[in-house]
Structure formats: structure tokens, C-alpha cells
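Chain residues, written in single-letter form:
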Amino acid sequence: MTFPSEPDAVGRDLPRRDGAVKVLGTAGYAGDAPLADPAYLHAVQATIARGRVTELDTAAAEALEGVVAVLTPATAERLASTEDRELAVLQDEEVAFRGQVVALVVADSSEVARHAAALVRVGYAPQAHDVELRADRDDLYAPEKVNADFPAATSEGDVDAALAAAPVTVDETYTTAMYHNNPMEPHTTAALWDPAGDGFLTLWDSTQGVHPTRAVLAPLFGLDEARVRVVCPYVGGGFGSKGQPHVNVVLAAMAARAVPGRPVRIALTRQQMFALAGYRTPTVQRCRLGADRDGRLTALAVDVVEQTSRIKEFAEQTGVPARMMYAAANRRTSHRLAVLDVPVPSWMRAPGECPGMFGPEVAMDELAERLGLDPVELRIRNEPAVEPGSGKPFSSRDLVGCLREGAARFDWSRRDPRPGVRRRGDWLVGTGVAASTYPVSRMTKSTATIRREGGRYVAEIGAADLGTGTWTTLAQIAADALGVPVDRVEVRIGDTDYPVASVAGGSSGMTTWGSAVVEAARAFRAVHGAEPPDGAEASGAVGPADDRYAMHAFGAQFAEARVHVDTGEVRVARLLGVFAAGRIINPRTARSQFVGGMTMGLSMALHEQSVLDPRTGHVVNHDFADYHVAANADVDGIEAHWLPEHDPHVNAMGSKGIGEIGIVGTAAAVSNAVWHACGVRVRDLPITLDKVLHALEQRPGR
């Protein structure tokens with residue numbers, strides 16, 4: 001791809017094209033679809049964690065004025081496919097987890113639907129349930145694969161012998177909590193079957209991928225994909241939870257079929273999202289490191305225990321990042337799952353890398369402490385020449401540059417390595433560091449079309465914009481690929497009427513969609529030249545990735561934490577991240593993504609935890625009153641910087657995904673900073689005051 005010298009759209013700090021409509025409230029989200037006389041859907045959820053529905057008394061609900069229909073397993077339509085048991089809603093009376101949908105109510109208003117749902121009486125035959133994740137369970141099993149089709153276990157060399165011979169070792173267990181994605185826009189769907197009765201279904205859905213949603217939903221209802229249209233021009237956040245369809249999509253289509261000719265809307269409540277929209281599995285990570293006296297790793301082992309649902313397996317790839325992060329001749333990783341009576345885990349921002357970098361990066365800090373070595377220097381000394389495991393050369397890797405640039409910006413050289421010695425008033429102050437990484441992914445299927453319309457160029461692709469800036473950045477890519485000013489390019493996305501596009505997930509959106517747009521622009525110029533007539537068009541598809549190279553983005557996270565000497569309260573005064581993520585398409589939207597990811601990592605470190613009551617299988621803090629997320633008051637300053645990085649191998653733009661790397665490493669950096677502040681090593685997230693207060697009470701002078 002040859003970018004023009006002037007104007008150069010890629011790399012410019014352009015404002016978001018969708019900014020004005022969002023600020024003015026005119027952006028059309030799934031819940032804003034202009035539908036005539038819509039009905040509203042509310043789900044009835046199970047109040048037991050396992051068992052069977054024995055009675056459903058719907059008489060009171062059906063008698064309520066405004067109720068249109070009540071569907072139960074006895075009256076709901078039979079789906080054409082029930083292979084995905086998470087989506088096989090109302091197909092039988094079995095209850096697999098607390099909060100599972102056991103009936104639904106359709107009414108003229110959302111208020112009536114919710115009231116009627118509360119009137120449905122449900123009887124159960126409960127069975128003993130099991131919702132507790134423990135590493136000492138005797139029924140753990142190893143899955144065949146973990147998420148994204150990685151092998152569940154890997155082994156190189158002789159880890160046990162290397163650990164036994166190592167003069168310095170770390171052998172500790174770290175845990176991350178259950179987290180729920182909680183985008184501000186709830187999971188929302190509107191469905192309408194063609195009133196003509198020809199079996200055509202239109203969905204307005206808050207999804208990270210209109211084409212993937214269609215591909216999943218069509219076979220459930222026995223439809224050819226061409227009979228389903230999915231529309232989603234704007235998404236109010238997703239964080240992975242909208243990357244795969246959940247039951248709200250099936251319920252909307254099912255309910256709309258039950259009220260012919262009338263559209264049906266559903267918006268999951270905040271409470272319902274804790275049972276029906278996925279979550280990040282809690283993890284237990286045993287991390288073992290062995291090193292020589294100079295700090296070079298001789299052994300690395302990460303063994304992960306996590307949970308999955310009894311009705312559908314999902315194995316987060318928590319141990320995968322340890323396979324390639326640092327050089328070590330002997331390494332081993334494994335994953336084991338506990339099958340529990342819980343909702344189905346799913347994607348959450350940076351699956352695998354986010355929880356999987358917490359344990360190893362805190363362990364690296366502990367190793368640095370035992371060696372008497374600076375934590376930044378320890379990481380630099382273990383920089384691999386090629387990707388461990390595969391032996392492939394890196395397309396580009398500048399973790400060392402990120403560490404050094406971050407250390408300089410953070411004034412790391414003035415750090416006293418001793419913990420608990422720096423104090424400002426009533427606050428103990430410490431600093432910590434952690435590395436971050438995320439793979440560069442390019443999906444295999446996406447197509448774009450470039451067309452000349454009214455003297456302008458239109459780029460069409462069924463991509464998604466979760467607030468990441470796709471409306472703007474795709475226009476920048478198309479403009480440079482065509483060699484025209486960016487204001488002459490219009491982008492159309494978010495509809496299956498546009499060419500097929502992959503899901504916005506795995507930080508793969510821009511690398512995939514942008515590559516397709518570039519190919520379409522090249523084809524357009526090859527066929528139509530520099531002066532195309534109106535109506536001229538050409539299409540292009542994403543090409544295969546260059547598998548000769550290992551492709552990853554890298555970063556370094558620095559944190560300053562403060563611990564109150566009397567209360568144990570933990571505050572983070574400063575976060576700083578430096579990233580090597582290829583060519584930055586738009587600095588404004590990139591900074592937003594980096595800062596957003598780091599803020600989410602701060603939430604993970606200090607606040608977020610879904611508390612599951614083992615007696616009921618119920619997440620008890622299932623709202624924003626009790627499930628805390630970081631707000632402006634939780635950090636005084638967040639800085640995001642990046643290094644210039646030229647990587648001709650990743651794609652035509654030279655870009656790497658940035659939507660997820662910001663969250664990776666942040667929690668570990670905060671934990672390491674808390675240890676440096678007060679001398680307490682917190683290995684179990686979140687870092688709450690009760691985990692440090694006991695040590696503060698033992699300090700001299702108390």
C-alpha cells in the first residue's frame with residue numbers, strides 16, 4: 001500500500017465522525033430502531049441453580065391488561081437446532097443455572113411486560129448444585145482446546161529439573177475474580193418477521209458483529225442466512241460480551257414469531273446481564289519461576305484452574321501469554337476446568353491475556369525482589385530473540401523500548417527499591433511495573449466495496465463500531481488507499497446488507513476490515529483509474545496473514561499506589577502506559593482506547609468482583625450500586641504513550657490492534673505498586689483494604 005505524502009489521512013488526529021450524533025443523542029442504537037407499534041418482552045428467570053421446572057402458572061400474567069403473549073417450554077416454538085445449549089431457550093424444563101430463562105412475557109409496554117413476568121408462578125424440583133471453584137477439586141479436567149483454538153497444555157524441556165536446580169525460585173498462586181462486562185448500553189434486540197409471511201427476519205441488535213450474529217441465528221430458526229438481516233450502526237460498548245449472540249437475540253426472534261406482523265423489543269436489565277450475557281471466568285494460577293543469580297529465567301510454569309458451565313464449555317486461554325512472553329529454555333503451561341452449575345463464561349476484554357498476565361507479572365516482581373534486581377531490568381534481561389515455542393521471528397517487538405520509555409517518563413530511576421519506606425502524610429507510597437502484550441489477529445473473512453457516488457467515494461463493509469472509532473479510521477484508511485482527501489470518503493457499516501465482515505473482537509477489527517478496504521481500493525483504481533465515473537465500484541477481500549512471523553503488540557504499565565496507614569485504603573495516583581502497537585491510525589481514538597483499557601484494568605485491580613453466593617448460585621452484587629467500576633475520582637492521572645513502530649508484515653496499514661492491550665498488565669502493575677508502598681504482596685484480586693490492613697497494624701510505632 002502506498003500512502004500519499006499530502007494529505008496523509010492515516011496518522012492524523014481527526015475528530016470522530018460519529019461524535020456529534022452521539023453528543024446530540026441522535027445516534028440510532030438498537031433500542032432506537034424506528035418501529036411501528038412495537039411490543040415488549042421481559043424474561044422470567046429461574047430462582048434455583050439446578051433442577052427442573054415442574055409448574056408454570058401463567059394465568060395471572062395472561063389476564064393482565066396489555067399482555068400479548070406468554071411463552072413457556074410447552075408453548076414456545078421448537079428451534080431447528082439446539083446444539084448450542086446456551087441459546088436453546090425454552091426447549092425443555094431443565095434448569096442449568098440461576099437466572100436461566102424459563103418463560104417470557106410479551107406486552108404492549110415494557111412496564112406491563114415486567115409486571116406480568118413477576119406474576120408468573122414457577123414451581124421447581126430442585127437438585128443439589130455446585131458453584132464453587134477450587135483448585136483442589138478432584139473432578140477437574142483438561143479441555144482439548146482453549147479459546148481461539150490454542151492447545152490446552154504445552155511443555156518444553158524439563159521444568160521440574162530446572163526448578164530444582166535454580167538458585168532462585170518463585171512458587172506462588174494468584175487468583176482473579178469473576179468479572180462481568182457491563183457495557184453502558186445493555187444487550188438490546190428488536191425483531192420483526194416480514195408481515196408478508198415469507199420467513200424474512202430483521203433484527204436490530206447491539207452486537208459486535210452483524211454477520212456473525214446472522215450466521216449463528218439463522219440455523220436456530222431453520223433459515224438460510226439470506227433470509228436474515230441484522231442492523232447495528234452504533235454500539236454503546238461491548239467489551240466482548242456482544243461478540244457472540246446471547247439469549248436476548250433468540251428471545252426477541254421467538255417472541256416476534258408469536259405475535260405475527262408486530263416487532264418485539266427486549267433490553268436486558270442490568271441485573272439480567274449478570275446471568276444472561278456472559279462473564280470472565282475466575283481463575284486460579286499457580287506460577288513457578290526459576291532463575292540464575294543474574295536473573296535469567298531457566299524455568300517457567302503456569303498451571304491454570306478455571307470454571308465452565310455444565311451446558312456449554314468455554315475455556316479461557318489464561319496460560320497462553322506466558323508461552324511467548326519471556327525467554328526460558330524450560331517451560332510448561334496447562335489449563336483445567338471445573339464444570340459448575342453456573343451461566344456460560346464468554347469473552348471479556350482481552351480474554352486470556354488480561355487475567356493471564358496478572359499472575360506471571362506479579363511473580364516476575366517477586367522474583368526481582370528475591371534477586372535484588374530492578375523489575376524493569378529483570379524483564380529486559382529475559383527478552384527472547386525469537387518467539388518462544390514457535391521459534392518464529394517477531395514481525396516487530398519493542399517491549400524493551402516500552403519499558404525504557406515508560407521508566408524515563410515515570411522517573412523510575414529515583415525509585416527506592418525497599419518497600420514501605422516512602423510516605424506522604426498518612427499515605428504510604430509505592431510504584432510498580434508490569435509488561436503487557438496482545439496478539440495481532442487478522443480474521444480470514446471480510447470483504448469491502450468501494451463505489452463512486454456523486455463525486456465522492458463510498459466504502460461499504462458490515463463492520464462494527466463499539467465506540468472505538470471505526471466510522472473515522474476506516475475513512476482514513478480508504479482515503480489514503482485511494483489517494484484522495486479524507487473528506488471525500490464516506491463509510492457505511494453495521495448492516496448485513498453491506499459486504500461480510502468479521503466480528504469486532506480480539507483487537508482484529510481494523511487489521512481485518514482495513515485490509516479489505518485497502519484491497520477494494522486497489523481493485524477500484526486498477527479497474528477504473530484516477531477519474532472513475534459515478535457508479536463505478538470494485539470489491540476486495542482480506543488476504544491471509546503472513547504466518548512466517550510471530551505478530552504481537554507490546555506495552556509497559558507503570559502505577560503509583562498509595563495505602564493509608566490507618567485504614568488500609570488503596571488509591572492509585574498515577575497510571576502510565578507506553579505501547580508498541582504498530583502504526584497508529586488515529587491518535588485521538590487510539591489514546592481513548594489505551595486510556596479506557598487502563599481504566600478497566602484499574603477497576604479489575606481495586607474494585608471489580610462478582611460475588612457468587614454458593615448457597616443459591618446467585619451473583620448478589622448484580623447492579624452498579626454494588627458492582628463497583630473505576631470512575632474519575634479513582635485515579636488522579638492516566639497517561640498513554642506509544643512508540644513509533646514500522647511493521648510491514650502485519651498488514652497493509654502497518655497497524656496492530658489496540659482495543660485490548662491497555663487492560664493487560666494494569667492490575668499487576670497496581671498490585672506490585674501496593675507491595676512497594678506497604679510491603680504486602682496481594683496475590684488475590686481485587687486489592688481491598690482488608691488484604692493490607694493486617695500488615696499495617698504490625699508496623700513499628702503502631
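1. Overview of a nonpolar patch on the surface
Residues Met 184, Phe 624 and Val 629 make up a contiguous nonpolar surface patch of about 290 Å² in total accessible area. Summarising the element assignment, Phe 624 is placed in the loop between β27 (618–619) and β28 (635–642). Using a relative accessible area of 35% as the deciding quantity, one classes Phe 624 as partly exposed.

2. Some words on the environment of Gly 494
When you line up the elements, Gly 494 lands in the loop between β22 (489–492) and α13 (509–528). Expressed as a C-alpha distance, the spacing of Gly 494 and Val 230, which sit 264 residues apart in the sequence, is 8.2 Å. Apart from the residues lying within four places of it in its own chain, the contact partners of Gly 494 are Val 210, Val 230, Val 231, Cys 232, Pro 233, Ile 461, Gly 462 and Ala 463.

3. Concerning the nonpolar core
Counting residues in hydrophobic clusters, the biggest one holds 105 residues, and the most contacted among them are Leu 297, Leu 367, Phe 558, Val 670 and Val 674. Among all residues touching Leu 367, those that are not within four sequence positions of it are Val 168, Val 170, Leu 289, Ala 291, Leu 297 and Leu 378. Residues Ala 218, Leu 251, Ile 311 and Ala 475 belong to the second largest nonpolar core, which totals 89 residues.

4. Considerations on the environment of Thr 473
Tracing the chain through its elements places Thr 473 in helix α12 (residues 470–482). On the basis of relative accessibility, which here comes to 5%, the residue Thr 473 falls in the buried class. It is 9.4 Å that separates the C-alpha atoms of Thr 473 and Gly 11, two residues lying 462 residues apart in sequence. Residues within four places of Thr 473 in sequence aside, it is in contact with Met 510, Ile 585, Asn 586 and Thr 589.

5. Some words on unusual backbone geometry
Across the junction of Leu 685 and Pro 686, the peptide omega takes the value 0°, indicating a cis bond. Among the structural elements, Pro 686 can be located in the loop between α15 (666–678) and α16 (690–696). Although it is not a glycine, Asn 182 adopts a positive phi angle of roughly 50°. Within the secondary structure, Asn 182 is located in the loop between β10 (168–176) and β11 (188–193). Despite not being glycine, Ala 350 has its phi angle at roughly 60°, a positive value. Note that Ala 350 resides in the loop between β17 (330–340) and α8 (353–356). Among the residues examined, Ala 350 registers a relative accessible area of 0% and is labelled buried.

6. Comments concerning the sheet that holds strand β9 (residues 154–156)
Overall, mixed pairing links the five strands, which are arranged β9-β17-β16-β15-β10 in an open sheet. At either margin of the open sheet sits one strand with a lone partner, and together these are β9 and β10. The average undirected angle you get between the axes of adjacent strands in this sheet is 10°. Note that β10 and strand β15 (residues 283–291) share nine bridges and pair antiparallel. Among the inter-strand pairings, Val 168 is bridged to a residue of β15, identified as Ala 291. Helix α9 (residues 358–371) rests against β10, β15 and β16 (297–309) of the sheet, and its axis sits at about 145° to β10.

Thresholds, definitions, all that
Residue numbers restart at each chain and count upward from 1, following the sequence in its written direction. Whole-chain, interface and lining totals are the exception, using all residues; otherwise, since this is a predicted model, local features are given only for residues with pLDDT of at least 70 and side-chain atom pairs are given and counted only at 80 or more. Derived side-chain values reflect all non-hydrogen atoms in the structure, with water molecules and hydrogen atoms excluded from consideration. Think of a patch as exposed residues, more than 30% relative accessible area, with no salt bridge, where like charges cluster within 9 Å and nonpolar side chains (Val, Leu, Ile, Met, Phe, Trp, Tyr) cluster within 5 Å. In these tables, accessible area is a Shrake-Rupley quantity obtained with a 1.4 Å probe, and a residue counts as shielded only by the protein chains included in the view. Should a side-chain nitrogen of Lys or Arg be within 4 Å of a carboxyl oxygen of Asp or Glu, the pair is scored as a salt bridge. Starting at the N terminus, helices and strands are each numbered in turn, a helix being any DSSP run of H or I of at least four residues and a strand any DSSP run of E of at least two. Here the term buried applies to any residue with accessible area under 20% of the maximum for its type, exposed to any over 50%, and partly exposed to those in between, with areas from a 1.4 Å probe on protein chains only. In this description, contact between two residues means that some pair of their heavy atoms is separated by no more than 4.5 Å. Here, nonpolar core means buried Ala, Val, Leu, Ile, Met, Phe, Trp, Tyr and Cys residues that are tied together by side-chain atoms lying within 4.5 Å of each other. Strand pairing requires that DSSP identify at least two bridges connecting the strands. The axes used here are C-alpha line fits, helices contributing only the stretch in contact, and every angle between their N-to-C directions lies in the interval 0 to 180 degrees.

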